[in-house]
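Take a look at the letters that make up each chain.
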Amino acid sequence: MAFKLGSEKRGFKHSGNVDIIRTPLDKGTIAEANNDGTISISPHVKPGSALYKRAIKHEMKHMKDMEEGRAGYGDNWVMWEGKIYIRKNGMIDGPAGRLPEGHPDHPWEKEAIAAEKEK
């Protein structure tokens, strides 16, 4: 899920080899791992807060999975462990059934949620 570059101001922070970009996201979205190796995080999330730290750990897990080839995505699909799942209108026909994007029952989300608790 890429974003368009525009004239808006963006705050860049760096976490390891990943740039953290503060940018407006869809309603209900706190952060996103992007194919370009960046993480987008909502400007409404206070830097350094518990929510910010959880979101970065979550998205870093997605980044690691993408780097390892376990996960990938395009506008109309999600790949998990070598299988392609169709995404349409905010829903993904995944291994756990047709669920909204970000649903905790998607296996890639289960692993990212578990990563939020790691130190």
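Remember, it's a predicted structure, so these values are computed and weren't measured experimentally.

(A) Quick look at the pairing of strand 5 (residues 71-74). By the alternation rule, side chains of strand 5 split into Ala71 and Tyr73 and Gly72 and Gly74, which are all buried. Here strand 5 pairs with strand 6 (residues 77-80) via four bridges, running antiparallel. Along strand 6, the bridge assignment pairs alanine 71 with tryptophan 80. Here strand 5 folds back onto strand 6, and the loop between the two strands holds two residues.

(B) Structural view of the packing of helix 1 (residues 50-67) against helix 2 (residues 107-115). Remark: helix 1 packs on helix 2, axes separated minimally by 7 Å, with the N-to-C direction vectors making an angle of 130 degrees. In terms of their interaxial angle, helix 1 and helix 2 are classed as oblique. With respect to the hand of their crossing, helix 1 and helix 2 are arranged in right-handed fashion. On helix 2, the residues touching Lys57, His58, Lys61, His62 and Asp65 of helix 1 are Trp108, Glu109, Glu111, Ala112, Ile113 and Ala115. Split into classes, the residues belonging to the contact of helix 1 with helix 2 amount to four nonpolar, two polar and five charged.

About the thresholds
- Residues numbered from 1 in each chain as written.
- Predicted model: local features only at pLDDT ≥ 70, side-chain atom pairs only at ≥ 80, totals over all residues.
- Heavy atoms only, no water.
- Buried < 20%, exposed > 50% of the residue type's maximum accessible area, 1.4 Å probe, protein only.
- Helix = DSSP H or I, 4+ residues; strand = E, 2+ residues; numbered from the N terminus.
- Pairing = 2+ DSSP bridges.
- Axes fitted to C-alpha atoms, helices over the stretch in contact; angles between N-to-C directions.
- Parallel < 35°, antiparallel > 145°, perpendicular 65-115°, else oblique.
- Left-handed = near helix turned anticlockwise from the far one by under 90°.
- Contact = heavy atoms within 4.5 Å.
- Nonpolar A, V, L, I, M, F, W, Y, C, P; charged D, E, K, R; others polar.

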